[in-house]
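Structure assessment
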Amino acid sequence: MGKAERKKMRACIHIYTGDGKGKTSAAMGLALRMTGHGKRVLLAQFLKDGSSGELRALGKLPELHCLRMEEHFGFFWTLGDAEKEKEKAAVQRYFAEILEAVEREKPALLILDESIAAYRLGLIPREAFLAFLDSKPEELELVLTGRDAPEELLRRADYVSELIKRKHPFDEGLPAREGVEF
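Please read all numbers here as calculations on a predicted model, not as lab measurements.

Let us now look at the pairing of strand S2 (residues 41-45). Regular strands have side chains that alternate between both faces of the sheet. In terms of residue burial, S2 counts as a mostly covered element, since five of its five residues are buried. Residues Val 41, Leu 43 and Gln 45 line one face of S2 and the alternating positions Leu 42 and Ala 44 line the opposite face, and both faces are buried. Strand direction decides the pairing type here: S2 and strand S3 (residues 64-67), joined by four bridges, are parallel. Following the sheet pairing, Ala 44 is matched in S3 by Leu 67. As a crossover connection, the stretch from S2 through helix H3 (residues 53-58) into S3 is right-handed. As judged from the five bridges shared by S2 and strand S4 (residues 109-113), these two strands associate in the parallel manner. Bridging from a neighbouring strand, Leu 43 pairs with Ile 111 of S4.

Pasting the structure below:
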């Protein structure tokens, strides 16, 4: 395939889902590959505090821009109703900021890490999220990560990779380890 033909290919939607370890790691690997080709990457994480090791490493790459949520709320299932509503409002502001950044920065790749969980929990406005997927810029490669991807997201994806946990040390009491799980 020649260079002109490759340029005509459309960008795709990727989903990394399942209960296995590696969804975010797979997305970060694609970010690394894209930046290695000099392409701009925009990364946004939902439901995380932005302290993972891969963000520190990838943040050193000039082609990668990480949008961070200002507020962090902890595990959603531990929050009271008022805190859940605060988080929902913060996530909706964050999603609007992401959409503005996509328009402004025109990245080749957008990673919405844990967006599937935020979508399932109703934190991201569902209609707005689906509308974005349906009308994303043609040249934008898009990655969504998170467990239990619902059918309406799976139908819109070009790639679906399901990571399945067969065994994990956490099940035997080993806590998450720096550099391995975060």
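Here we come to the pattern of salt bridges. Two side chains that carry opposite charge are able to pair once their charged atoms sit near each other. Applying the stated rule across the entire model yields nine salt bridges. Linking Asp 134 and Arg 156 is a salt bridge whose minimum nitrogen-to-oxygen distance equals 2.7 Å. Of this pair, Asp 134 sits in helix H6 (residues 126-135) while Arg 156 sits in helix H7 (residues 151-156), and the two are 22 residues apart along the sequence. Classification of Asp 134 as exposed rests on a relative accessible area of 51%. Take Arg 156: its relative accessible area is 24%, and that puts it in the partly exposed class.

Turning to unusual backbone geometry, a few remarks are in order. Residues other than glycine seldom take positive phi values, yet Leu 47 does so here, at roughly 65°. For Leu 47, the position within the fold is in the loop between S2 and H3. Residue Asp 148 is not a glycine yet carries a positive backbone phi of 55°. Among the structural elements, Asp 148 can be located in the loop between strand S5 (141-145) and H7.

The subject of this paragraph is the packing of aromatic side chains. For the structure shown, the criterion picks out five aromatic pairs. Ring geometry for Tyr 119 versus Phe 129: centroids 5.4 Å apart, planes at 40°, classification tilted. Of the two residues, Tyr 119 sits in helix H5 (residues 115-120) while Phe 129 sits in helix H6, which places them 10 residues apart along the sequence. Residues Tyr 119 and Phe 129 agree in their burial class; the two are buried. Linked through ring pairs, Phe 95, Tyr 119, Phe 129 and Phe 132 together constitute an aromatic cluster.

A few words on the side chain of Glu 105. Counting through the fold element by element, Glu 105 comes out in helix H4 (residues 81-105). Residue classification places Glu 105 among the buried residues on the basis of a relative accessible area of 17%. Polar side-chain contacts of Glu 105 include one of 2.7 Å to the side chain of His 65. Within the structure, the side chain of Glu 105 is placed 3.5 Å from the side chain of Arg 104, a separation counted as a polar contact. In contact with Glu 105, other than residues within four places in its own chain, are Arg 40, Leu 42 and His 65.

About the thresholds
Residues numbered from 1 in each chain as written. Predicted model: local features only at pLDDT ≥ 70, side-chain atom pairs only at ≥ 80, totals over all residues. Heavy atoms only, no water. Buried < 20%, exposed > 50% of the residue type's maximum accessible area, 1.4 Å probe, protein only. Helix = DSSP H or I, 4+ residues; strand = E, 2+ residues; numbered from the N terminus. Pairing = 2+ DSSP bridges. Right-handed = clockwise from strand over helix to strand, strands pointing away. Salt bridge = Lys/Arg side-chain N within 4 Å of Asp/Glu carboxyl O. Phe/Tyr/Trp six-rings, centres within 6.5 Å; stacked < 30°, edge-to-face > 60°. Polar contact = N/O pair within 3.5 Å; in protein donor to acceptor, adjacent residues only side chain to side chain. Contact = heavy atoms within 4.5 Å.

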